[in-house]
Amino acid sequence: FRRVLFRSVEMGLHDMAEGWSAPRAADGERRPHGTWRTGSSYKGNYTTALFRDAAVAQLEAAAAAAKETGVITPQFLWVAFQAVHRDNSSTPPSDLLTDDNRAELDDLKSHGLPQNRYRLAEALMALDNAANSIVEALRGAHGGALGDDVIVAVHSDNGGDVCHSDYDGAPWGNNWPLRGRKMTYFEGGVRVPAF
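To start, this report covers the structure provided alongside it. (Residues numbered from 1 in each chain as written. Predicted model: local features only at pLDDT ≥ 70, side-chain atom pairs only at ≥ 80, totals over all residues. Heavy atoms only, no water.)

1. Considerations on unusual backbone geometry
- Cis geometry is adopted by the peptide bond preceding Val84, which originates at Ala83 and carries an omega value of 0°.
- Position of Val84 among the secondary structure elements: in the loop between α2 (47-69) and α3 (99-110).
- In this model, Trp176 is joined to Pro177 through a cis peptide bond whose omega is 10°.
- Turning to its location among the elements, Pro177 is positioned in the loop between α4 (115-141) and α5 (187-190). (Helix = DSSP H or I, 4+ residues; strand = E, 2+ residues; numbered from the N terminus.)

2. So, a negative patch on the surface
- Taken together, Asp100, Glu104, Asp106 and Asp107 make up a surface patch of like negative charges.
- Take Glu104: it is sitting in helix α3. (Patch = residues over 30% accessible without salt bridge, like charges linked within 9 Å, V, L, I, M, F, W, Y side chains within 5 Å. Areas by Shrake-Rupley, 256 points an atom, 1.4 Å probe, with all protein chains shown as cover. Salt bridge = Lys/Arg side-chain N within 4 Å of Asp/Glu carboxyl O. Lys, Arg positive; Asp, Glu negative; His and termini not counted. Charge placed at Lys NZ, Arg CZ, Asp CG, Glu CD.)

3. A look at the packing of aromatic side chains
- Enumeration over the complete set of coordinates arrives at 1 aromatic pair.
- Relative to Phe81, the ring of Phe51 has its centre 6.3 Å away and its plane inclined at 45°; by these criteria the two rings are tilted. Here Phe81 lies in the loop between α2 and α3 and Phe51 lies in helix α2, a separation of 30 residues in the sequence.
- Note on Phe51: relative accessible area 24%, which makes it partly exposed.
- The ring of Tyr118 is capped by Lys109, whose NZ or CZ atom sits 4.6 Å from the centre of that ring. (Phe/Tyr/Trp six-rings, centres within 6.5 Å; stacked < 30°, edge-to-face > 60°. Buried < 20%, exposed > 50% of the residue type's maximum accessible area, 1.4 Å probe, protein only. Lys NZ or Arg CZ within 6 Å of the ring centre and 35° of its normal.)

4. Remarks on the packing of α2 against α4
- Running from N to C, α2 and α4 cross one another at 5°; their axes reach a closest spacing of 9 Å. Classified by the angle between their axes, α2 and α4 sit roughly parallel to one another. On α4, the residues touching Thr48, Arg52, Ala55, Val56, Leu59 and Ala63 of α2 are Ala126, Leu127, Ala130, Ser133, Ile134, Ala137, Leu138 and Ala141.
- The residue inventory of the contact of α2 with α4, partitioned by class, reads 11 nonpolar, 2 polar and 1 charged. (Axes fitted to C-alpha atoms, helices over the stretch in contact; angles between N-to-C directions. Parallel < 35°, antiparallel > 145°, perpendicular 65-115°, else oblique. Contact = heavy atoms within 4.5 Å. Nonpolar A, V, L, I, M, F, W, Y, C, P; charged D, E, K, R; others polar.)

Take a look at the structure:
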């Protein structure tokens, strides 16, 4: 353990958004946790876009390195999006939605979809598009097709949150036919669609 810790301090640490961090500041002072920017530099950004961009950049850099050296390095890339969560104050940036997404959202709104369900649909569409961008970057890194050496798993961390406040016109989530909700151990809280 001490040797691993020493190596990480000497080599710097890696963060998906920041990359490798220098173990020493410009003034030579040792910084055991690196010299990354603070989280405030990301304030105002939609994390779905940040995670998408970081994952795509990582895949493109790996593909460029493989092309240059002829050596394909195995990779494990885990992208844990924070979307979708209920939030009436946050809207995905327009570039995360396609024209088809906007048309579908307009159709849902015209059929009386409650505002909270509309917001979740909007966030989920942005998430789907971000995941698609990552898969397309994988395809690009593999010459246009995903081979037998690529595994992509998509899953949630919990069931939907079916609770709602007095001002909500409809529940946020629906786990039917399973009982329970997010933060419970009933099947509706822990069994999720995955592929």
